[in-house]
Amino acid sequence: LQRLHDRDDSTAWVEFCEIYERAIYRLALQYGLQDADAREVSQEVLLAVSRRIHLFEVEGRGTFRAWLATIARHATIDQLRRNRRRATVDLSGEALLVSQNLLDDSQRFDSEIRREQFRWAAQQVQSTCEPQTWQAFCRTAIEGQSPAVVAQQLKMSLGAVYVARCRGLAKIKSLI
C-alpha cells in the first residue's frame, strides 16, 4: 500500500490490481450486477483508488479494506441506480433489498479481498516451489489432509511434508 503512493511504481499497481480487481468484480456480481456492469464497477473503483490513494494513510490493520469496501459499495450502488433509471420497470423487491444491504455488508468484501490476496500470494509461491513440495503444501495446508497420509502418497518423509507446509505458509504470509 505504501508503494501505491508512488504513481510511477507500475509493479505495485499491477500487484494491487491482481489482488483487488477480481474481489471487487465478484462482489458486484453477488449483488446482482451483470458481467459488463460488474467489470465497469471494478474499473471505476480502481480508478477512484488511483486518484485518492495519496489521501489514504496506512494506519491500522483492516483500515484500507474498509476504505476500499466503501468505495466499492458506493460504485455498486451507483451502478444499480443507473440500471434502474435505464430500465422500464422498477427494481424488484429482491434487488432493492440487495442495494439496501450494500450499505452494511463489509464482511463479505473483506473475505473476498483476503481470498484474492491468498490466491495471488499462492501463485507467487507456487512458481518458486518444486511440484512435489507444492503438492504437499496444498494437500495439508489448504485441503486439510493428514500430513502422514500425504507423506505416504507423495513418497516423502513426514518431516519434509511438515517443512513444506510451514515454509509455504510463511512465504505466503510474508507476501501478504
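What comes next concerns the included structure. (Residues numbered from 1 in each chain as written. Predicted model: local features only at pLDDT ≥ 70, side-chain atom pairs only at ≥ 80, totals over all residues. Heavy atoms only, no water.)

**A few points about the side chain of Arg139**
For step 1, the next point in the chain: Inspection of the secondary structure puts Arg139 in helix α6 (residues 131–142).
For step 2, the next point in the chain: No salt bridge is formed by the buried Arg139, whose closest oppositely charged neighbour, Glu143, lies at an N-O distance of 5.1 Å.
For step 3, the next point in the chain: Look past the residues within four positions of Arg139 in its chain and what remains in contact with it is Gly144, Gln145, Val150, Gln153 and Leu154. (Helix = DSSP H or I, 4+ residues; strand = E, 2+ residues; numbered from the N terminus. Buried < 20%, exposed > 50% of the residue type's maximum accessible area, 1.4 Å probe, protein only. Lys, Arg positive; Asp, Glu negative; His and termini not counted. Salt bridge = Lys/Arg side-chain N within 4 Å of Asp/Glu carboxyl O. Contact = heavy atoms within 4.5 Å.)

**Examining the side chain of Glu116**
For step 1, the next point in the chain: If you trace the backbone, Glu116 turns up in helix α5 (residues 106–126).
For step 2, the next point in the chain: On the basis of relative accessibility, which here comes to 2%, the residue Glu116 falls in the buried class.
For step 3, the next point in the chain: Leave out the neighbours within four places in its chain, and Glu116 touches Glu18, Ile19, Arg22, Ala23 and Arg26.

**Concerning the packing of helix α1 (residues 10–30) against helix α2 (residues 35–52)**
For step 1, the next point in the chain: Following both chains from N to C, one finds α1 and α2 inclined at 140°, their axes separated by 9 Å at the closest point. Here α1 is positioned oblique relative to α2, judged by the angle of their axes. Considering only the axes of α1 and α2, their crossing is right-handed. Each of Trp13, Phe16, Cys17, Glu21, Ile24, Tyr25, Ala28 and Leu29 in α1 lies in contact with α2, whose residues at this interface are Asp35, Ala38, Arg39, Val41, Ser42, Gln43, Val45, Leu46, Val49 and Ser50.
For step 2, the next point in the chain: Looking at the contact of α1 with α2 residue by residue, the class counts come to twelve nonpolar, three polar and three charged. (Axes fitted to C-alpha atoms, helices over the stretch in contact; angles between N-to-C directions. Parallel < 35°, antiparallel > 145°, perpendicular 65-115°, else oblique. Left-handed = near helix turned anticlockwise from the far one by under 90°. Nonpolar A, V, L, I, M, F, W, Y, C, P; charged D, E, K, R; others polar.)

**Some thoughts on unusual backbone geometry**
For step 1, the next point in the chain: Even without being a glycine, Lys155 presents a positive backbone phi close to 55°.
For step 2, the next point in the chain: Its location among the elements puts Lys155 in the loop between α7 (147–154) and α8 (158–175).
For step 3, the next point in the chain: With a relative accessible area of 75%, Lys155 lands in the exposed category.

**Section: the environment of Arg119**
For step 1, the next point in the chain: Position of Arg119 relative to the elements: it lies in helix α5.
For step 2, the next point in the chain: Note on Arg119: relative accessible area 19%, which makes it buried.
For step 3, the next point in the chain: Along the backbone, Arg119 and Ile19 are 100 residues apart, and their C-alpha atoms lie at a distance of 7.9 Å.
For step 4, the next point in the chain: Excluding residues that lie within four positions of it along the chain, Arg119 makes contacts with Glu18 and Arg22.
For step 5, the next point in the chain: Polar side-chain contacts of Arg119 include one of 2.9 Å to the backbone oxygen of Glu18. (Polar contact = N/O pair within 3.5 Å; in protein donor to acceptor, adjacent residues only side chain to side chain.)

**Looking at the pattern of salt bridges**
For step 1, the next point in the chain: Within this structure, the stated rule accounts for six salt bridges.
For step 2, the next point in the chain: With its nearest N and O atoms 3.5 Å apart, the salt bridge here joins Glu15 to Arg3. Pair noted here: Glu15 is in helix α1 and Arg3 is in the segment before α1, with a separation of twelve residues, a long-range link.
For step 3, the next point in the chain: Using a relative accessible area of 25% as the deciding quantity, one classes Glu15 as partly exposed.
For step 4, the next point in the chain: Of the residues examined, Arg3 reaches a relative accessible area of 39% and is grouped as partly exposed.

**Some thoughts on the nonpolar core**
For step 1, the next point in the chain: Ranked by size, the top nonpolar core spans 38 residues in total, and within it Phe16, Tyr20, Ile24, Val45, Val49, Leu68 and Phe109 carry the most contacts.
For step 2, the next point in the chain: Secondary structure elements with two or more residues in this core: α1, α2, α3 (63–86), α5 and α6.
For step 3, the next point in the chain: Aside from chain neighbours lying at most four places away, what touches Phe16 is Leu4, Glu21, Leu46, Val49 and Phe64.
For step 4, the next point in the chain: In terms of nonpolar packing, the next biggest core, distinct from the first, is built from seven residues, Val150, Met156, Val161 and Ala164 among them. (Core = buried A, V, L, I, M, F, W, Y, C linked by side-chain atoms within 4.5 Å.)

**Examining α6**
For step 1, the next point in the chain: With twelve residues, α6 should reach 16 Å at 1.5 Å per residue; the first-to-last C-alpha distance of 15 Å fits that figure.
For step 2, the next point in the chain: Just beyond α6, the residue with positive phi is Gly144, at close to 75°. (Expected span 1.5 Å × (residues − 1).)

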